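Take a look at the letters that make up each chain.
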Amino acid sequence: MALTVDDIVERCRTAIGEHPPALAVRDVVEEIVRAPGALAAAIGPISEGGIRPLHRSDDLTVLHIAWTPGMRLNPHNHGMFAVVGMYGGQEDNSYYRRADGGLATAGGRSLVAGDVLVLGEDAIHAVANPLREYAVALHVYGGDFFDTERSEWDEETFTERPRDIEGTMRRFADANARWAAESGSGADTTP
Ligand SMILES: [Fe+2]
C-alpha cells in the first residue's frame, strides 16, 4: 500500500508515546526517508518553498518543509526536540550556543537525502540551502511548534528577540520571488 500523510502522522504519534520519544521518532523518520520515492509521492510535487503543517497538537507537530534554493534562515531555537529527515536536496545546519550578549558558533552539519538529524530542546541552529534545487524534509517536533515561546537571533548582530513566525514566512516569500526570477530568466543560454 502506498505511503500516505496519515500513515506518517500515525507513526509519529505512536513514537511520541515511547521512551525516549525523540529517539523513537528518529527511528520512524529514518525508516520513512529510506524510501524517498514513497515519501515524495505522499507529499506531492513541490512548486515553491514553504512550511506545510501535516499535523499539529500539544505534544507533536509534523511539518513538511521545502527550503527554496539559496534560502537561509537565521539562528533560532525550538524549545522542544526536533527531528529532521531529509529526502532530497541539501540542508546546511550551523549550530550555536548562548554566549555573552548573543551567540557563539558551535559547528555544523550538512544533511543530504537519507540523513536524519535530532536536535535537543535547547538547540540553536540556522539553516541554509546551498543548492539550486529545493531541500525537502520532514520536520517532527515534540510539542506545538506554533504555540511555544521561542527565540531567534539576528544573523549579523546575534541579538536575541522573540521568534517571529511571520518574519519566517516573509523570508520564504522573498526567497520564492527571488528564485522564480532567477530560475525563470537565467537558466537558458541560447547560443
Ligand atoms: Fe529549526
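The structure we're discussing is the one just above.
Now for a description of the structure that goes with this document. (Residues numbered from 1 in each chain as written. Predicted model: local features only at pLDDT ≥ 70, side-chain atom pairs only at ≥ 80, totals over all residues. Heavy atoms only, no water.)

Another point: the sheet that holds strand β7 (residues 116-119). Pairing between the strands of a sheet is mediated by backbone hydrogen bonds and can be parallel or antiparallel. Taken in spatial order, the five strands of this open sheet run β1-β2-β9-β4-β7, and their pairing is antiparallel. The sheet is open, and its two edges are formed by β1 (50-56) and β7, each paired on a single side. Going across the sheet, the axis of each strand differs from the next one's by a mean of 20°, ignoring polarity. Here helix α3 (residues 36-43) sits on the sheet and contacts β1, β2 (61-67), β4 (82-88) and β9 (135-141); the angle it forms with β4, its principal contact strand, is near 100°. (Pairing = 2+ DSSP bridges. Helix = DSSP H or I, 4+ residues; strand = E, 2+ residues; numbered from the N terminus. Axes fitted to C-alpha atoms, helices over the stretch in contact; angles between N-to-C directions. Contact = heavy atoms within 4.5 Å.)

With that settled, consider α3. When we look at burial in α3, the residues that qualify are L39, A42 and I43. Taken around the axis of α3, the buried residues stretch over an arc of 95°, which confines them to a single face. Facing away from the buried side of α3, by more than 90 degrees, are the exposed residues G37 and A41. As for α3, its buried residues are in contact with α1 (5-16), α2 (21-33), β1, β2, β4 and β9. Looking one or two residues past α3, G44 carries a phi angle of roughly 95°, positive in sign. (Buried < 20%, exposed > 50% of the residue type's maximum accessible area, 1.4 Å probe, protein only. Arc of directions from axis to C-beta.)

This part covers empty space enclosed by the protein. The final tally for this structure, using the stated rule, is one cavity of 30 Å³ or more. In this model, the largest cavity occupies a volume close to 130 Å³. Around the largest cavity sit 18 residues that line it, and I65, W67, H76, Y141 and F145 are the ones nearest its centre. (1 Å grid on protein atoms, 1.4 Å probe; cavity = no way out; pocket = protein on both sides within 12 Å on 5 of 7 lines; lining within 4 Å. Points joined across faces, edges and corners; volume = space filled by probe spheres on them.)

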